Amino acid sequence: MRRPATTPPEPATAAEARALQPDLAARVVTVDAIGPVRVLGGADASSLRFDATRTVHAAMVALDAATLAPIGSAGASRSGGLPYIPGLLGFREVPVLARAFAQLPVKPDLILVDGHGMAHPKGLGVASHLGVVLDVPTIGVAKSVLCGAVEGDFPDTPGTRAPLVWKGAVIGMALRTRRGANPLYVSVGHRVSLGTALAWVERTLRGRRLPEPTRLAHEAAARVRLAAMAAAG
C-alpha cells in the first residue's frame, strides 16, 4: 500500500537545501518495489532561467500503460522558491510538481520524470527527489549529463546502450532512442531498478527521441507556462 506523500521540503537558502540532501538521498530505494502498472505518469517543469520572480510551472500527465493514450493531466505554478542552481533543482521543482500531482485526476503507478534520478552528484536528482516525497516509483529521463561520462562504444543505432559512470560506479545508462539524435540518460529514480527503468523507457518510445510520458509532460508544462504568462499580461 502506498504511504501518504510527505510535504516537499522548501528550504529558503541553498545552504539549507544542501543540508537536507543527505537525508532525502538516503531514503531512495534502488530496487524494484513496484506493483502492477496500469497508469503511467509523465512529469516536467518549465521556467525562465533568469526570471526575477523565480516562477516554476509544472505539469503531470497520466497515460494508459497499455496503450499510452492520455487519460488525465494537471498543472501548477509557484513563485519565490530557490533560484536556478545546478544540483539543487529538486528543491526548486518538486514542490510545484507535487502540487500538479495532487490535482491529477488519475494517480499513476509509475512516473517518468524529465530530469535525473540518481545520476546526480548527491544521488538526488529531481526524479529521485520527487519519488521520495510522493513515495511513488519514478524513473529519471534526462537530456544531458549532470555528472559522469559515458564509457564504451556507443554507435548511432537506436537501442544502443552505454553505461554512465561517475567515480567508478554506474549511475545510469545512455540510451540511443533515435538515429541522428542525442541520447537520453536513464537513471533510477525511486523504487525502480535500472533494468526496469530502461525497459519502461524503451517500451514507451513511439519513434521519437523522448518517451511518450515525458514528451507529453514537456508539452503540457510549456502550455502551463504560456497560459500563466498570458494571464499576467
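Quick look at the structure, then.

What counts as what
- Residues numbered from 1 in each chain as written.
- Predicted model: local features only at pLDDT ≥ 70, side-chain atom pairs only at ≥ 80, totals over all residues.
- Heavy atoms only, no water.
- Salt bridge = Lys/Arg side-chain N within 4 Å of Asp/Glu carboxyl O.
- Helix = DSSP H or I, 4+ residues; strand = E, 2+ residues; numbered from the N terminus.
- Buried < 20%, exposed > 50% of the residue type's maximum accessible area, 1.4 Å probe, protein only.
- Contact = heavy atoms within 4.5 Å.
- Polar contact = N/O pair within 3.5 Å; in protein donor to acceptor, adjacent residues only side chain to side chain.

**Some remarks on the pattern of salt bridges**
Then, number 1: All chains considered together, the criterion is met by six salt bridges.
Then, number 2: A salt bridge links Glu 10 to Arg 78, with the shortest nitrogen-to-oxygen separation between them at 2.6 Å. With a gap of 68 residues between them, Glu 10 in the segment before α1 (14-26) and Arg 78 in strand β3 (residues 70-78) connect regions that are remote in the sequence.
Then, number 3: With relative accessibility at 43%, the residue Glu 10 sits in the partly exposed group.
Then, number 4: For Arg 78, a relative accessible area of 10% puts it in the buried group.
Then, number 5: Arg 191 is the partner of Asp 135 in a salt bridge, and the nearest nitrogen-oxygen pair spans 3.4 Å. With Asp 135 in the loop between α3 (126-134) and β5 (138-142) and Arg 191 in the loop between β9 (184-190) and α4 (194-203), the pair connects residues that are 56 residues apart, well separated along the chain.
Then, number 6: On the accessibility criterion, Asp 135 (5% relative accessible area) is buried.
Then, number 7: Beyond isolated ion pairs, a larger network of salt bridges with shared partners links Glu 212, Arg 215 and Glu 219.

**Here we look at the environment of Thr 138**
Then, number 1: Mapped onto the elements of the fold, Thr 138 is located in strand β5.
Then, number 2: When its relative accessible area of 0% is taken as the criterion, Thr 138 is described as buried.
Then, number 3: C-alpha of Thr 138 to C-alpha of Met 229: the two residues are 91 residues apart in sequence and 30 Å apart in space.
Then, number 4: Leaving out residues up to four positions away in the same chain, Thr 138 has contacts with Leu 110, Ile 111, Val 113, Ala 127, Ser 128, Gly 131, Val 188, Gly 189, His 190 and Val 192.
Then, number 5: There is a polar contact of 2.8 Å between the side chain of Thr 138 and the backbone oxygen of Ala 127.

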